[in-house]
Every structure is written in C-alpha cells, then in structure tokens.
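Report on the structure
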Amino acid sequence: MTTATSSPARRRSDWFKENRNRFATLAILVFLLLAALSGVEREDWFSTIMQGLSVGAITFLVASGLSLIFGLMDVLNLAHGELFMLGAYVGWTVYTRFDTVVDILVPLLILSAPFTLLPLWRSLAAAIGSNPLRRRWAGLGLLAAGATTTFVSVTRFPLVIWDPGNFAMSPSNFSVQIDLGTLAPLPPDTFGWPAAIAVLATLAGGSLLALGFNVLRAQVDERSIVTRRHLLGFGSLIIAATVLLAVKEPLNEWVFGLSTTWRFFLAMVVSVAVGSAAGALIEVALIRPLYDRPIYQLMVTLGVGFILIELVREVWGRPEFTMSRPAAFNGTGPGCPGEGLGGFFSGCSTLEAFGSRLRVYNEGFVILAGIVVLIGVTLLLKRTRIGMIIRAGVQDPEMVEALGINVRRVFTLVFALGSGLAAFGGVLAAPSIGLGTGMGAVFLLSAIVALAIGGLTSFPGAAAGAVLVGLLQQIIIRYGQSGINLPFLDEPFKPSPTLVPAAAILLMIVVLLVLPAGLFGRTER
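Residues numbered from 1 in each chain as written. Predicted model: local features only at pLDDT ≥ 70, side-chain atom pairs only at ≥ 80, totals over all residues. Heavy atoms only, no water.

Helix and strand counts for the chain stand at 18 helices and three strands. Relative to the compact-globule value of 24 Å for 525 residues, the chain shows a C-alpha radius of gyration of 26 Å, a close match. Summarising its shape, the C-alpha atoms of the chain cover approximately 75 × 70 × 45 Å along the three principal directions. Residues counted as buried form 46% of the 525 residues belonging to the chain. (Helix = DSSP H or I, 4+ residues; strand = E, 2+ residues; numbered from the N terminus. Rg over C-alpha atoms; globule rule 2.2 N^0.38 Å. Buried < 20%, exposed > 50% of the residue type's maximum accessible area, 1.4 Å probe, protein only.)

With that out of the way, let us pick up the pairing of strand β3 (residues 356-359). Here β3 shows one buried face, formed by S356 and L358, and one open face, formed by R357 and R359. Strand direction decides the pairing type here: strand β2 (residues 350-353) and β3, joined by four bridges, are antiparallel. Of the residues in β3, the one forming a bridge with A353 is S356. Taking the residues that link successive antiparallel strands as the turn, the β2-β3 hairpin has two residues, and the phi of F354 there is positive, at about 50 degrees. (Pairing = 2+ DSSP bridges.)

All right, on to the packing of helix α3 (residues 80-96) against helix α7 (residues 171-180) then. Orientation of α3 relative to α7, taken along the N-to-C sense of each, is 50 degrees, at an axis distance of 11 Å. Viewed along their axes, α3 and α7 adopt a mutual orientation that is oblique. For the pair α3 and α7, the crossing hand works out as left-handed. Here W92, Y95 and T96 of α3 come into contact with α7, specifically with P171, F174, S175 and I178. (Axes fitted to C-alpha atoms, helices over the stretch in contact; angles between N-to-C directions. Parallel < 35°, antiparallel > 145°, perpendicular 65-115°, else oblique. Left-handed = near helix turned anticlockwise from the far one by under 90°. Contact = heavy atoms within 4.5 Å.)

Bringing the environment of N406 into the picture now. Counting through the fold element by element, N406 comes out in the loop between α14 (397-402) and α15 (407-433). On the basis of relative accessible area, N406 is assigned to the partly exposed category, the value being 40%. Along the backbone, N406 and I295 are 111 residues apart, and their C-alpha atoms lie at a distance of 25 Å. Within the structure, the side chain of N406 is placed 3.2 Å from the backbone nitrogen of R408, a separation counted as a polar contact. Within polar-contact distance, the side chain of N406 engages the backbone nitrogen of R409 at 3.1 Å. (Polar contact = N/O pair within 3.5 Å; in protein donor to acceptor, adjacent residues only side chain to side chain.)

So, on to the pairing of β2. Of the strand pairs in this sheet, strand β1 (residues 338-339) and β2 are connected by two bridges, and their pairing is parallel. The partner of G338 across the bridge, within β2, is L351.

Moving on, we come to the sheet that holds β1. The strand order across the open sheet built from three strands is β1-β2-β3, with neighbouring strands paired in mixed fashion. In the strand order of this sheet, the two ends are held by β1 and β3, each with one partner. Against the sheet, helix α2 (residues 45-73) touches β2 and β3, its axis set at about 20 degrees to β3. Along the sheet, helix α12 (residues 360-383) makes contact with β2 and β3, crossing β3 at roughly 65 degrees.

Below, the discussion takes up the pattern of salt bridges. Summed over all chains, the structure comprises six salt bridges. Between D103 and K248 there is a salt bridge; the shortest N-O distance is 2.9 Å. Of this pair, D103 sits in helix α4 (residues 98-112) while K248 is found in helix α9 (residues 228-256), placing the two residues 145 residues apart along the sequence. This pair shows no difference in class: D103 is buried, exactly as K248 is. Residue E352 is joined to R357 by a salt bridge in which the shortest nitrogen-to-oxygen separation is 3.0 Å. (Salt bridge = Lys/Arg side-chain N within 4 Å of Asp/Glu carboxyl O.)

Next up on the list: helix α18 (residues 499-514). Taking 1.5 Å per residue as the helical rise, α18 with its 16 residues ought to reach 22 Å, and the 22 Å between its terminal C-alpha atoms agrees with that figure. Taken residue by residue, α18 has V500, A503, A504, L507, M508 and V511 as its buried positions. In an axial view of α18, the angular spread of the buried residues amounts to 140 degrees, which keeps them on one side of the axis. Of the exposed residues in α18, the ones pointing more than 90 degrees away from its buried face are L506 and L513. (Expected span 1.5 Å × (residues − 1). Arc of directions from axis to C-beta.)

Within the secondary structure, R97 is located in the loop between α3 and α4. A polar contact is formed between the side chain of R97 and the side chain of D99, at a distance of 2.9 Å. From its side chain, R97 meets the backbone oxygen of A184 in a polar contact 2.9 Å long. Not counting chain neighbours up to four residues away, the residues in contact with R97 comprise W92, W162, F174, L183, A184, P185, L186 and F256.

The next point concerns the packing of aromatic side chains. Under the counting rule described, the total for this entry stands at 20 aromatic pairs. With centroids separated by 5.5 Å and ring planes inclined at 65 degrees, the aromatic side chains of F60 and F459 adopt a geometry described as edge-to-face. With F60 in helix α2 and F459 in helix α17 (residues 459-482), the pair connects residues that are 399 residues apart, well separated along the chain. Geometrically, the ring pair formed by F157 and F191 is tilted, given 5.2 Å between the ring centres and 55 degrees between the ring planes. Of the two residues, F157 is situated in the loop between α6 (132-154) and α7 and F191 in the loop between α7 and α8 (195-216); the sequence distance between them amounts to 34 residues. On the basis of relative accessibility, which here comes to 4%, the residue F157 falls in the buried class. (Phe/Tyr/Trp six-rings, centres within 6.5 Å; stacked < 30°, edge-to-face > 60°.)

Residue-level pLDDT values for the chain average 87, and 96% of them are 70 or greater. By mean pLDDT, helix α1 (residues 2-38) is the weakest element of the chain at 76, and α3 is the strongest at 95. (pLDDT = per-residue confidence, 0-100.)

A separate point is the state of the cysteines. Scanning the model with the defined rule gives one disulfide in all. A disulfide bridge connects C336 with C348, and the sulfur atoms are separated by 2.1 Å. For the disulfide bridge between C336 and C348, the dihedral angle about the S-S bond is near -85 degrees, and by the sign convention the bridge is left-handed. On the criterion of sequence distance, the pair formed by C336 in the loop between α11 (294-316) and β1 and C348 in the loop between β1 and β2 is long-range, its members being twelve residues apart. (Disulfide = S-S within 2.5 Å.)

Now for the nonpolar core. Of all hydrophobic cores here, the largest spans 121 residues; its most connected members are L428 and I453. Element by element, the count of residues in this core is highest for α2, at 13 residues. Counting eight residues, the second largest nonpolar core, distinct from the first, contains W121, A125, I128 and L211. (Core = buried A, V, L, I, M, F, W, Y, C linked by side-chain atoms within 4.5 Å.)

Moving on to the environment of L308. For L308, the position within the fold is in helix α11. A C-alpha to C-alpha distance of 8.8 Å links L308 and M85, two positions 223 residues apart in sequence.

We now examine a nonpolar patch on the surface. A cluster of nonpolar side chains, L445, I505, L506, I509, V510, L513 and V514, forms an exposed patch at the surface whose accessible area comes to about 620 Å². Among the elements that take part in the nonpolar patch, α18 stands out by supplying six residues, more than any other. Relative to the helices and strands, L513 is located in helix α18. The exposure class of L513 is exposed, given its relative accessible area of 70%. (Patch = residues over 30% accessible without salt bridge, like charges linked within 9 Å, V, L, I, M, F, W, Y side chains within 5 Å. Areas by Shrake-Rupley, 256 points an atom, 1.4 Å probe, with all protein chains shown as cover.)

As structure tokens, this is what we get:
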C-alpha cells in the first residue's frame, strides 16, 4: 500500500531530477533575454519583441518541416531552404502574373495524364526483361527521349512569360506595376505548332517519361490491368486541360480583377501545393533509393538545392525584387496608423502600440500564421490517425511496418508536408523580406540552429528554438543601432550585422554543451 501511494511522488521526483538542467537552462535563457531587453529604449522594446516573433514565425515554418522529416526519416534535407525559396517565387508568380500560371498549367495537365495509366507502363516495362543493366540503360534512354520530346513540345504551347533581361517585361517591373495598380494580363500568344500536334507530342513525352520511370524501378511481380478508373483519370486531366485552354482569357481577366488580398491567399494555396508536390517527387525519386546511405542523402539534397537555385535564376532572373503586401495589410490615409492592438484589424499598414510603430503584415499576420500552423500541425500529430502513425513511426518504424502500415507512403506524406510548410513560409516571407536566390540559405541556417536548440526531433522544440533565434537576432540588430555601454570602452559597442548569425550559433553551442539533446529533444534514440 505504501509503495502504491508513494510511486507517483517518486516518479515526479525522478522527472524533476531528470529535467532540472533543462529548467535551469530555460530560466537562464529567459533571464538573459529580459536583461537584454531592459537595455533597449522604452519605445523600442515592444517592437523588438514583435519583430523577433515575426522572424521566429518564419524560421519555425522552415524548422518545423525539417523536424518532421528528420524525426521520422533521419533525413537532413539540405534542399529545404531552396524549397522555401521556391515557395516564395511560385507565390509571387500566382500573385503577380497569374496568366503565366494558367498557360503553364495546360501542358502540365496533358503531360501528367499518361502517368495515370500505371498498369500499362508496368506491363510494357516487364516486356524489357529482368536484366538490371539492360533495364537501367533502357530506362535512362526512355527518360532522355521523354525529356527532349517534352521540352520541345511544351515550348510550342502559347506561354506568356517574362524576360528578366528586358526591364519592361521583368519581374521587378511587374512588382512596381502591381503596387501602382496598373498590372494587366499580357497579350496571349499562339501555338508554335498546330495545337493537335503539340498536344500529341506532349502526350508522347509524358508516356516516354512514365515508361522510363517504371523501367528503372525494381521489377515487381505484380499483374494489373488498365481499369475504368485509370481511364477516367486520364480523360479527366485531358478534359481539364482543354477547358482551361478554352477559358483562360476570361479566367485571367477575372483573377486580375480580384483584390490583391484574395490573390495572395490563392498564392499561398498554390505555393503549398507546388512545395508539397516537389517534396513528394524528391522523396520518391531521390531519397527512397538512398535510405541506407545517409551521406549520399546529404549530397543529393545539397545538389537538389543548387539545381533549384539555378532553375529560379533561369526562370525569374538573378536580380532581387519585391512582392507588394496584400491590400488588407497595406492601407494608408485617414485613420492610419491604427491605435493600440486593435490596429491590427484596422486595415492600415502600420499601427502604434506601447509607444512602438509596428507593421500589420510583418508583426501581425506573419505571427498569427505561425501560431495557426503550430496549433494545426500539433492537432494533426496528436488528434488524428495519420498523426498517430507518424509519431509511432518516429518512435519505432519497424513496429509500425510490422502492423501492416505502408511506412514508405507515410515517409512520402511527411516529406510532402514538411516541404509544403517550407513553401508556405516562403510565400509568407516574400512581402516582408523580398525575393532573392539567397533567402533559402539564410533561413535554412537559422532553422538548423533553431532545431539544434529546441531538439532535432521535437516539434514544440522547433517552435521554441525559432522564437529564441528570432528574438536574439532582433536584439542584436537593435543594439547595432543604439550600441551597448561596456566597461573600459569610451564609445558604445555597436554589433555589426555579421554578428547576428554568429550570436545564434553561439547560443546553439552553449545550449548543446549543457543539453546535448537540446531543450526539448529526446535524450536517447
């Protein structure tokens, strides 16, 4: 009886002993942050905190995806920052040049149609035989032929595109036009070939690619036939492309007539979809064959990152440019700036609260979006069946597979989810920090530091680490403007901008020396 009543107290005591270093570290970090904020001018402390939370929210969106992928798959995706960058550029395109999105979507739908006929390609791939060398060369040849045919045929479709080398047709000029309210759809182009030939050539390219991928797959002893469901999928994509081609001009006019607020929400949806699709493709095509070779995974994801950077430079150009804020967060005139915390809902671009001037988008909407994602993903992990499978997979993937759950499909889902979160962070950050091919590397470094501080496999740890990194960076930036009075120095010491990432890395080193698993990480794997 005595043992039964004392066990809970003993467990609580053991729990406090195990976590006392964690509590002490957290208390010291909070004390140091408050001490640092006490040296900030009274009218600046609130804006410093809100700007730190804003940077932390964007960092969290990158770090959260990394945490999910690393926690379940033990894969450190070094292309995660470039997926963040890709989300920003795709979001800008939907927001600013929606006519381009419609034009490219038509050949993409046609190109993807042959992939719905999977049993047909498996049967044809089986006819090539089982010799691995023969299948490899045949598969590579089919992929090369498919890629060439696809590139030639798609460029014959009427594509409205910009020209980074011509200022009048450059992304920078389009960003200025949307700010001035003068942006309009570009004149439609015409087919370079007869439309039927361009469509058939694109279908042929997609068929060669689908067959090539199936030839490269390990031969599976699986017999299936093309069913009505497969044919419906094929037909639906072709019909969707045809309808889109027919209505694209009125559709463009309607979208360009929408408020920039609605176009921004549309941009967020498309960016997340593209980021998720890119993540799923990377996992299936590049990561899955390398699960037992982690060094190669790092090299492959690093290479993918470089490819994405060059792709963005080729399509959007090298110069950096801006993305205007949506109308709901860009109001000016009478009644602006807003007053107090209610000013976040005033429609003004700025507000004044506690003596500080805040930007509604940066310090309001971005933070709110980060909180919503934190709550949403937490509920997904804690309250849904797929979340339970993901958490179980993090703990013991072999056990999950033994229960008959397709772990590989879960891996693909998690990789897509993490990549989608990174793309969401990119489109969310674009109106705040602008667009440039270096933005992914900056936030990837901050995200890795935040993960190390919070715990590599801990989703709440990713949030805590991101907030700490964001606050620390903004405090350093603030002291870079006002200076720090130090003993034995006649003038205040002003930290240079290069100390901002260095300070975050120093914090990471200190935390890891005290808590090798981070603030919320597991002590053993």
